[in-house]
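Chain by chain, the residues run as shown.
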Amino acid sequence: TVSIVHVLSYLAGIAWFLALAFPPLTQRTYMSENAMGSTMVEEQFAGGDRARALARDFAAHRRKSGALPVAWLERTMRSVGLEVYTQSFSRKLPFPDETHERYMVSGTNVYGILRAPRAASTESLVLTVPCGSDSTNSQAVGLLLALAAHFRGQIYWAKDIIFLVTEHDLLGTEAWLEAYHDVNVTGMQSSPLQGRAGAIQAAVALELSSDMVTSLDVAVEGLNGQLPNLDLLNLFQTFCQKGGLLCTLQGKLQPQDWTSLDGPLQGLQMLLLMVLRQASGRPHGSHGLFLRYRVEALTLRGINSFRQYKYDLVAVGKALEGMFRKLNHLLERLHQSFFLYLLPALSRFVSIGLYMPAAGFLLLVLGLKISSLHEAGVGLEPGGSPGPSVPLPPAQGVGLASLVAPLLISQAMGLALYVLPVLGQHVAAQHFPVAEAEAVVLTLLAIYAAGLALPHNTHRVVSTQAPDRGWMVLKLVALIYLALQLGCIVLTNFSLGFLLAATMVPTAALAKPHGSRTLYAVLLVLTSPAATLFGSLFLWRELQEAPLSLAEGWQLFLAALAQGVLEHHTYGALLFPLLSLGLYPCWLLFWNVLFWK
């Protein structure tokens, strides 16, 4: 049975999380790194016209060639005095990416290195512009080249600066990073790099598609929920304030008034948006791939909306110049500030010590339930009346052998969910009138649904002695398995762990083969990992004030499934294996408990 303590613990976890956006728990951000906080620099960048002219040239050459104009970029970078190198790469995706319309991808990255006149090439900074097949980003390339020309004329650089233009968005970035660090983690084929600078200390990715911007939006969430050091974000905000630039987070202006209720409620909205983005484990910009290599990085996106105040490329260039000059002062890697935090606004943060109790209260429910089941199983005689803790006679005990079947079958379903969709895509595409990408998604859904029929088969191979003991021991194993998984996930990606705990913990505690089975079954299905993902998409669009209809939501859900599998195989995103190999088999154990005979 579920006691009042379980309910109170769960409610305390949810209430604690909602309270994170309110001032006692949310603190003002501050600069921790002494080398970046002591003096302000004077920005001198004035190459706005040059940046616009270069952007027009780049766009014209790109239209003409239909791909990244590599020769033009090499020529232009050399003309401003950089050491220029190119890197070719190719990648065959596990199945066609219908979102970006690509399958066999090959491209070229171009990068120029500005050598530091005041130091040996031991450390470097990166300014990168990702160029996709659909994104223009011409103004960002123009600004990058204009900044390179300006930086070339200065003598104070103590770190090398790498100006990098990548093709095919994140695929090009991943190819370059793997070659730079001499590793191959994703099966990318690429040529070795001819030129290198020092160890990369920090990186800024830039995305601009117009000459004028009304605000700069900053993206911090990286691959598998990694975040850059908070000082890098503080640095960006400092220079936006200095230059009078409007800066946004999650595409929203930050709340000003934290004394009334309006500010914290807006903050809660932004906090939820960040939690959903971080939980997805997707890199939200090419900076997200740098974080894997212990390089602090951000993506800055120029937004041109209908606001009255607009800023030109000079203002954006000055902010970038200020940031790079400050990063040039660093004596060691950014490490003084937080790596684990949540952001209800750009100027406010919640540190790990303050948000962890929210997940702790939810996991406490599982701990209490495990201890109560353990006591019920060990401290009761077979008759059910309380008595001394006598071990059960072998005939009535539940041997571990009887639990092996449901455990193995559930785990095998998880393995099938992970392996079969990509392996069997060609077979499915041959026998059914669907494309490969659709075949992968439909196979995923078919295997997921097939798992629901399992209890009708597993109970046949389970020992029939002491049937009550059987489901209780199976539930005990399932609860321990779930608690261990959620505990590990919360430590590495709090947002994902919290979302899964908030949905799975109540039904896990309630599951039993007595009472209203239909109600429990509906609740279990509604809190399964796939339903959580489906619901998260609706919440995400609701918070962005662009609500979805059910049909749109379903299409977005199918696209998200395909992208999740693709990103795992392409960049190493861990959400898909976590759900298929860990949480889905665990959820099937609770389904088995519910339909125990």
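Small disclaimer: the values here were computed from a predicted structure and weren't measured.

### Details of the packing of aromatic side chains
Part 1 of the argument: Summed over all chains, the structure comprises 24 aromatic pairs.
Part 2 of the argument: Seen from their ring centres, Phe 534 and Trp 554 are 6.2 Å apart, and the 75° between their planes marks the pair as edge-to-face. Taken together, the positions of Phe 534 in helix α19 (residues 529–543) and Trp 554 in helix α20 (residues 550–571) put the pair 20 residues apart, joining distant regions of the chain.
Part 3 of the argument: The ring of Tyr 180 carries Arg 196 above its face, with NZ or CZ at 5.8 Å from the centroid.

### Structural notes on the packing of helix α8 (residues 262–280) against α19
Part 1 of the argument: Direction vectors running N to C along α8 and α19 enclose 140°, while the axes themselves pass 10 Å from each other. Taken together, α8 and α19 sit at an angle that is classed as oblique. Pair α8 / α19 crosses with left-handed handedness. Contacts between α8 and α19 pair Gln 269, Leu 272, Leu 273, Leu 276 and Arg 277 from the former with Ser 536, Leu 539, Trp 540 and Leu 543 from the latter.
Part 2 of the argument: Of the residues belonging to the contact of α8 with α19, the class tally is 6 nonpolar, 2 polar and 1 charged.

### Looking at the nonpolar core
Part 1 of the argument: Judged by nonpolar contacts, the single largest core of 183 residues is most densely connected at Leu 143, Trp 176 and Phe 236.
Part 2 of the argument: Shared between two domains, this core takes at least three residues from each, and those domains are domain 1 (30–346) and domain 2 (402–595).

### Some points on the sheet that holds strand β9 (residues 247–249)
Part 1 of the argument: Pairing is mixed in the open sheet, where 9 strands are placed in the order β6-β2-β3-β5-β4-β7-β10-β8-β9. What marks the edges here is a single partner per strand, and that holds for β6 (189–190) and β9.
Part 2 of the argument: Pairing between strand β2 (residues 83–97) and β6: 2 bridges, direction antiparallel. Bridging across to β6, Ser 90 finds its partner in Gln 189.
Part 3 of the argument: The strands touched by helix α5 (residues 138–152) are β3 (102–114), β4 (123–131), β5 (160–167) and β7 (199–207); relative to β5, the strand with the most contacts, the crossing angle is about 160°.

### Considering the pairing of β4
Part 1 of the argument: The buried fraction of β4 amounts to 8 of the 9 residues, a majority that puts the element mostly inside the structure.
Part 2 of the argument: Sheet analysis places β4 next to β7, joined by 6 bridges and oriented parallel. For Leu 127, the partnering residue across the bridge sits in β7 and is Val 204.
Part 3 of the argument: Across 8 bridges, the pairing between β4 and β5 is parallel. Bridge assignment links Ser 124 to a residue of β5, and that residue is Asp 160.

### Observations regarding the domain arrangement of the protein chain
Part 1 of the argument: The domains assigned to the protein chain are domain 1 (30–346) and domain 2 (402–595).
Part 2 of the argument: In this complex, domain 1 contributes 31 residues to the contact, which on the side of domain 2 involves 29 residues.
Part 3 of the argument: Taken together, both faces of the contact between domain 1 and domain 2 bury some 2,700 Å²; the carbon and sulfur share is 63%.
Part 4 of the argument: Along the contact surface separating domain 1 from domain 2 lie 2 salt bridges.
Part 5 of the argument: Glu 567 is paired through a salt bridge with Arg 282; the nearest N and O atoms lie 2.9 Å apart.
Part 6 of the argument: Applying the counting rule to domain 1 against domain 2 returns 11 residue pairs in polar contact (both at pLDDT 80 or more).
Part 7 of the argument: When residues of the side of domain 1 that touches domain 2 are traced back to their parent elements, those giving at least two are β2, α6 (169–180) and α8.
Part 8 of the argument: For the side of domain 1 that touches domain 2, the leading source of residues is α8, giving 9 residues.
Part 9 of the argument: Partitioning the side of domain 1 that touches domain 2 into residue classes produces 14 nonpolar, 8 polar and 9 charged.

### Let's talk about the pattern of salt bridges
Part 1 of the argument: Tallied over the entire structure, the rule returns 13 salt bridges.
Part 2 of the argument: A salt bridge links Glu 123 to Lys 159; the shortest N-O distance between them is 3.2 Å. Highlighted residues: Glu 123 in strand β4 and Lys 159 in the loop between α5 and β5, separated in sequence by 36 residues.
Part 3 of the argument: The exposure class assigned to Glu 123 is partly exposed, which follows from its relative accessible area of 22%.
Part 4 of the argument: Glu 207 is paired through a salt bridge with Arg 301; the nearest N and O atoms lie 2.8 Å apart. Highlighted residues: Glu 207 in strand β7 and Arg 301 in strand β10 (residues 296–303), separated in sequence by 94 residues.
Part 5 of the argument: Arg 301 gets classed as partly exposed once you look at its relative accessible area, which sits at 21%.
Part 6 of the argument: A network of salt bridges, in which partner residues are shared, links Glu 83, Arg 115 and Asp 160.

Here is what the cut-offs are and how they apply
- Residues numbered from 1 in each chain as written.
- Predicted model: local features only at pLDDT ≥ 70, side-chain atom pairs only at ≥ 80, totals over all residues.
- Heavy atoms only, no water.
- Phe/Tyr/Trp six-rings, centres within 6.5 Å; stacked < 30°, edge-to-face > 60°.
- Helix = DSSP H or I, 4+ residues; strand = E, 2+ residues; numbered from the N terminus.
- Lys NZ or Arg CZ within 6 Å of the ring centre and 35° of its normal.
- Axes fitted to C-alpha atoms, helices over the stretch in contact; angles between N-to-C directions.
- Parallel < 35°, antiparallel > 145°, perpendicular 65-115°, else oblique.
- Left-handed = near helix turned anticlockwise from the far one by under 90°.
- Contact = heavy atoms within 4.5 Å.
- Nonpolar A, V, L, I, M, F, W, Y, C, P; charged D, E, K, R; others polar.
- Core = buried A, V, L, I, M, F, W, Y, C linked by side-chain atoms within 4.5 Å.
- Buried < 20%, exposed > 50% of the residue type's maximum accessible area, 1.4 Å probe, protein only.
- Domains from an automatic or database assignment.
- Pairing = 2+ DSSP bridges.
- Buried area = accessible area lost by both parts, 1.4 Å probe.
- Salt bridge = Lys/Arg side-chain N within 4 Å of Asp/Glu carboxyl O.
- Polar contact = N/O pair within 3.5 Å; in protein donor to acceptor, adjacent residues only side chain to side chain.

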